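The chain contents come next:
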Amino acid sequence: MRLVDRCRERFLPHPHLRLIVWCRFNAEVERITEELRAAGFGDRVQLVWGNTKTVDLDAIKASFNSRDTEGVQIIVAQVKKLFNGHNLQACDWNVDYSMDWSHIVNAQKEDRSHRMGRQEAVNYVQLLCRDTLEEWLVEVLAERGVN
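Rules used in this analysis
Residues numbered from 1 in each chain as written. Predicted model: local features only at pLDDT ≥ 70, side-chain atom pairs only at ≥ 80, totals over all residues. Heavy atoms only, no water. Helix = DSSP H or I, 4+ residues; strand = E, 2+ residues; numbered from the N terminus. Buried < 20%, exposed > 50% of the residue type's maximum accessible area, 1.4 Å probe, protein only. Contact = heavy atoms within 4.5 Å. Areas by Shrake-Rupley, 256 points an atom, 1.4 Å probe, with all protein chains shown as cover. Polar contact = N/O pair within 3.5 Å; in protein donor to acceptor, adjacent residues only side chain to side chain.

Trainee: Mind showing me how you'd approach the overall build of the chain here?
Mentor: What the chain contains, in helices and strands, is six helices and five strands. Reading the chain from its N terminus to its C terminus gives the helix and strand order α-β-α-β-α-β-α-β-α-β-α. With respect to the three principal axes, the spread of C-alpha positions in the chain is 40 × 35 × 30 Å. Looking at the 147 residues of the chain, the share that counts as buried comes to 39%. Contacts in the chain between residues at least 24 apart in sequence constitute 77% of all its contacts with a sequence separation of at least 6. Accessible surface, the chain: about 8400 Å² in total, of which carbon and sulfur atoms supply 49%.

Here it is, written out as C-alpha cells:
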C-alpha cells in the first residue's frame, strides 16, 4: 500500500509528528490501521470509528495532542466520527484517503487542526486515483472554486 510506504519513509524518522488519515468507510479504517501497525508504527496508530467509545476517544485525543508522547502518533479516523467539534491542534499532516463529498464536512476536517494556539503549518494531502470519477469531480470542484 503506497500510503503505508510514504508514511514509513516520511514520518517514521520524526519522533513527534502527528498525522490524521481520514477515511469514509470502516473497512478502510481497519485495513489502513492494520497496515500501518505492521509497517512499524505499532500501537502508535489509533483508530477512531463508529464503535469508538467517548472515554477512549478522549484518551486518544489527549495522547495525540501531547508532544510529550514519544514517537509518531497516527489517528486513522472515520470522517463522520471525528470531523465535528474535536480539538486536534497537534496535527502536522491531514491525509484524505477517501473524501467525503460534502464541502462542509471537508472544511470541518481541516478545522480540527487549526485550533486556538496552533502556530505551526499544517500539511494537507488528498489521495486520488488517476482516471476515476473522483479525480474528475475534484477537478470540477476546483474549477468552481470549491475545495
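Trainee: Looking at this structure, how should I read the environment of Ile20?
Mentor: By the secondary structure assignment, Ile20 is in strand E1 (residues 18-23). For the pair Ile20 and Glu143, spaced 123 residues apart in sequence, the C-alpha separation works out to 27 Å. The residues contacting Ile20, other than those within four sequence positions of it, are Phe64, Ile75, Ala77, Leu88, Cys91, Trp93, Asn94 and Val95.

Trainee: What exactly am I supposed to notice about helix H6 (residues 133-143) here?
Mentor: Residues separated by three or four positions in an α-helix point in the same direction, a consequence of the helix having 3.6 residues per turn. Of the residues that open H6, the one with a side-chain oxygen 3.2 Å from the backbone nitrogen of Glu135 is Thr132. Downstream of H6 by a residue or two, Gly145 has a phi angle that is positive, lying close to 85°.

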